[in-house]
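# Secondary and tertiary structure notes
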Amino acid sequence: MLQTVAVLDYGSQYTGLIVRRLRELRVHSRLYSGIVSAEELSREKPAALVLSGGPNSVYDKKSPQCDPGIFQLGLPVLGICYGAQLLAYHLGGKVAPSGIKEYGRAGVRKTHDSLILAGLPDKFDVWMSHGDLVVEPPPGASIILETDACPAAAFQLEEKRFYAVQFHPEVHHTPNGGELLENFLYNVVGLKGDWLMKSFAESSITSLREKIGKNGKVVMGISGGVDSTVAAALISQAIGDNLIGIFVDNGLLRKGEFERVMARYGKRFNIRGIRMGERFLAALRGVTNPEEKRKIIGRVFVDVFQEAANQVEDALFLGQGTLYPDVIESSGGYGSGGAAVIKSHHNVGGLPEKMGFKLVEPLRELFKDEVRELGVAIGIPEDELRRHPFPGPGLAVRIIGEVTPERVTTLQEVDSIVLEEIHAAGWYRKLWQAFAVLLPNASVGVMGDQRTYEAVAALRMVESADGMTADWAELPHDILRRISNRITNEVKGVNRVVYDISSKPPATIEWE
């Protein structure tokens, strides 16, 4: 049986990162609401609990509180930041506002031996972000780390296998954080590290066959992206030709994308292509609000897909390439402890109810890089797995302001140049995403001694491990120069190119 660590979400923007870090250490982890009951956790049978950070104070009446019964389950527990304060508070310790708030890098010192500190130096840097702190650990606890401003930077109740750290070991700014988490998983909990993509693929194929049945049919939207490709391949390996792929051209694809997808997948899957660009663009006429754009595209897609799916006889199931970050961002996690909803995603939040199909989402618990690992395990070509993410609403969310046929054509040409040059320079696989955004404002320029007043294109190139956090890429200036020169010379209507140097957070990767 797969060993799972339950991560309880108390609203930290890093909560998804905790899940990701544990999986990087070959341990399956799953996100739960911070207010999940001890009874439900007992039924789920996790191997350990991790309590996430969060922006609240444990003494605030509106703050999410854990069920005290979780500490009676006999499970190892690791509390992080707010989670550490919850652990202390519910076990008889004291939490209070910090006299000196700690935000950013801090140095910690060992004060006591601990299994979770095995192999770590006596002093190391961590990433702090807290206003409250534990001023008195629970009875019987021993402090294992301290800072000048935080005398109980980490403590343990060794016999109970309870551990708490005030800092964030899950972020890259805590260099030894991965070792600390690994010590908890292997030294404290005693896990085997059985989260492997080959095993996941085998179990997923088996469960898909059981769920869909021998003669069951699945209809699925194919986009040509990594997610739908891997999901379709997995479903296809489970049920063969009973998977019917539907590729909808919404008029917002990259230049030549419809033809490429149909040529690539036509022999691999049972796929049907439908051109509906005019219908989508008509629905978007006059709309400038990004959230409204997403919802309109989602509604039209449902209608178009429903019409196409109704032509598939005896299809009862809908396949989707939903990923874990989609679920987290769209639902705010798994309950009142979840993070704020950031944006809507077209493949979560109500589609199945409206369309009347039973849902099949084989990738729902995976992060993007895990999907690529899965793709390798089931034999998908490397070049397909390394394609950059592309938003479900397509270029509509890369055109700031109104989406018109003319602006789509302009951005398609710009986007094509960006990708050509990134590939030619050998940078494509170094980047998480590389794309252009068409801005709503025009700028004054000079071309051929003539004054111009034309569009501005913004370039967005980011590096990331999982899309949850990202940093802008420091591309060599000669590459940026070539891209800019080609765009302004070859694309009619664009006379200025700018480069986005924002990280996520505070910005998102996409502009809308």
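Our structure is the block above this text.
Now for a quick tour of the structure. Source: prediction; values computed, not measured. (Residues numbered from 1 in each chain as written. Predicted model: local features only at pLDDT ≥ 70, side-chain atom pairs only at ≥ 80, totals over all residues. Heavy atoms only, no water.)

What follows covers the overall build of the protein chain. A tally of regular secondary structure across the protein chain gives 15 helices and 18 strands. What you see for the protein chain is a C-alpha radius of gyration of 25 Å, in line with the 24 Å of a compact globule of 512 residues. Dimensions of the protein chain, computed from C-alpha atoms along their principal axes, come out at roughly 75 × 65 × 40 Å. Of all 512 residues assigned to the protein chain, the portion counted as buried reaches 56%. Long-range pairs, those at least 24 residues apart, make up 74% of the contacts in the protein chain between residues at least 6 apart in sequence. Counting only carbon and sulfur atoms, one obtains 49% of the accessible surface of the protein chain, whose full area is about 21900 Å². On the protein chain, the mean spot of the 57 positive side-chain charges and the mean spot of the 63 negative ones are 3 Å from each other. (Helix = DSSP H or I, 4+ residues; strand = E, 2+ residues; numbered from the N terminus. Rg over C-alpha atoms; globule rule 2.2 N^0.38 Å. Buried < 20%, exposed > 50% of the residue type's maximum accessible area, 1.4 Å probe, protein only. Contact = heavy atoms within 4.5 Å. Areas by Shrake-Rupley, 256 points an atom, 1.4 Å probe, with all protein chains shown as cover. Lys, Arg positive; Asp, Glu negative; His and termini not counted. Charge placed at Lys NZ, Arg CZ, Asp CG, Glu CD.)

Next up on the list: the pairing of strand S8 (residues 154–157). Regular strands place side chains that alternate from one sheet face to the opposite one. What you see with S8 is no split at all: Ala 154 and Gln 156 on one side and Phe 155 and Leu 157 on the other are buried throughout. Across 3 bridges, the pairing between strand S7 (residues 142–146) and S8 is antiparallel. Note that in S8 the partner of Ile 143 across the bridge is Phe 155. Where S8 and strand S9 (residues 162–165) come together, 4 bridges link them in antiparallel fashion. Within the sheet, the bridge partner assigned to Gln 156 lies in S9 and is Tyr 163. Linking S8 to S9, which pair antiparallel, is a turn of 4 residues; within it Arg 161 sits at a positive phi near 65°. (Pairing = 2+ DSSP bridges.)

With parallel pairing, 5 strands are arranged side by side in an open sheet as S12-S11-S10-S13-S14. The open sheet has two edge strands, strand S12 (270–275) and strand S14 (358–360), and neither has a second partner. Across the sheet, the axes of successive neighbouring strands diverge by a mean angle of 30°, strand direction being ignored. Where strand S13 (residues 315–319) lies against S14, 3 bridges are found, and the strand directions are parallel. Of the residues in S14, the one forming a bridge with Leu 318 is Leu 359. Each of strand S11 (243–249) and S12 is contacted by helix H7 (residues 257–265), which is oriented at about 165° to S12, the strand it contacts most. Each of strand S10 (217–221), S11, S12 and S13 touches helix H9 (residues 290–309); the most contacted strand, S11, lies at about 140° to it. (Axes fitted to C-alpha atoms, helices over the stretch in contact; angles between N-to-C directions.)

Attention now moves to the nonpolar core. Within the largest apolar cluster, 51 residues are counted, with the highest numbers of intra-cluster contacts made by Ile 422, Met 461 and Ile 487. Those residues within four positions of Ile 422 in sequence are excluded, and the remaining contacts are Trp 427, Tyr 428, Leu 431, Ala 434, Met 461, Leu 475, Ile 479 and Ile 483. Membership of the second largest hydrophobic core comes to 42 residues, among which are Val 5, Val 7, Leu 120 and Val 189. (Core = buried A, V, L, I, M, F, W, Y, C linked by side-chain atoms within 4.5 Å.)

Turning our attention to the pairing of strand S15 (residues 433–447). Of the strand pairs in this sheet, S15 and strand S16 (residues 450–463) are connected by 12 bridges, and their pairing is antiparallel. Bridge pairing in S16 links Leu 438 to Ala 457. Count of turn residues in the S15/S16 antiparallel hairpin: 2 residues, of which Gly 448 carries a positive phi of about 60°.

The next point concerns the pattern of salt bridges. Evaluation of the coordinates by the stated rule reveals 29 salt bridges. Where Arg 43 meets Glu 39, a salt bridge forms, and the shortest distance between an N and an O atom there is 3.5 Å. Pair noted here: Arg 43 and Glu 39 are both in helix H2 (residues 38–44), with a separation of 4 residues, about one helical turn. With relative accessibility at 55%, the residue Arg 43 sits in the exposed group. Arg 482 serves as the salt-bridge partner of Glu 421, at 3.3 Å between the closest nitrogen and oxygen. Linking Glu 421 in helix H14 (residues 405–424) with Arg 482 in helix H15 (residues 477–490), this pair joins segments that are 61 residues apart in sequence. The exposure class assigned to Glu 421 is buried, which follows from its relative accessible area of 11%. By relative accessible area, which is 35% here, Arg 482 ends up partly exposed. (Salt bridge = Lys/Arg side-chain N within 4 Å of Asp/Glu carboxyl O.)

So, on to the environment of Leu 78. Along the chain, Leu 78 falls in strand S4 (residues 77–80). Assessed through its relative accessible area of 1%, Leu 78 is described here as buried.

As a further point, take the packing of H14 against H15. Put simply, H14 and H15 touch, their axes get as near as 10 Å, and they point 150° apart. One way to sum up the angle between H14 and H15 is to call them roughly antiparallel. Classified by chirality, the crossing of H15 by H14 is right-handed. Across the interface between the two elements, Val 414, Ile 417, Val 418, Glu 420, Glu 421 and Ile 422 from H14 touch Ile 479, Arg 482, Ile 483, Arg 486, Ile 487 and Glu 490 from H15. Among the residues making up the contact of H14 with H15, the classes are represented as 7 nonpolar, no polar and 5 charged. (Parallel < 35°, antiparallel > 145°, perpendicular 65-115°, else oblique. Left-handed = near helix turned anticlockwise from the far one by under 90°. Nonpolar A, V, L, I, M, F, W, Y, C, P; charged D, E, K, R; others polar.)

Attention shifts here to the packing of aromatic side chains. Tallying each qualifying case throughout the model produces 9 aromatic pairs. Both rings, one in Tyr 59 and one in Tyr 89, keep their centres 5.2 Å apart while their planes meet at 85°; by these two values the pair is edge-to-face. Taken together, the residues Tyr 59 in the loop between strand S3 (48–51) and S4 and Tyr 89 in helix H3 (residues 82–90) connect sequence positions 30 residues apart. Residue class for Tyr 89 comes out partly exposed when judged on its relative accessible area of 33%. Centroid distance Phe 71 to Phe 162: 5.8 Å. Interplanar angle 65°. Geometry classified as edge-to-face. Within this pair, whereas Phe 71 is found in the loop between S3 and S4, its partner Phe 162 is found in strand S9, the two being separated by 91 residues in sequence. One exposure class covers both Phe 71 and Phe 162, and it is buried. Sitting above the plane of the Phe 269 ring, Arg 268 keeps its charged end 5.9 Å from the centroid. Over the face of the ring belonging to Phe 435 we find Arg 398, whose NZ or CZ atom lies 3.8 Å from the ring centre. (Phe/Tyr/Trp six-rings, centres within 6.5 Å; stacked < 30°, edge-to-face > 60°. Lys NZ or Arg CZ within 6 Å of the ring centre and 35° of its normal.)

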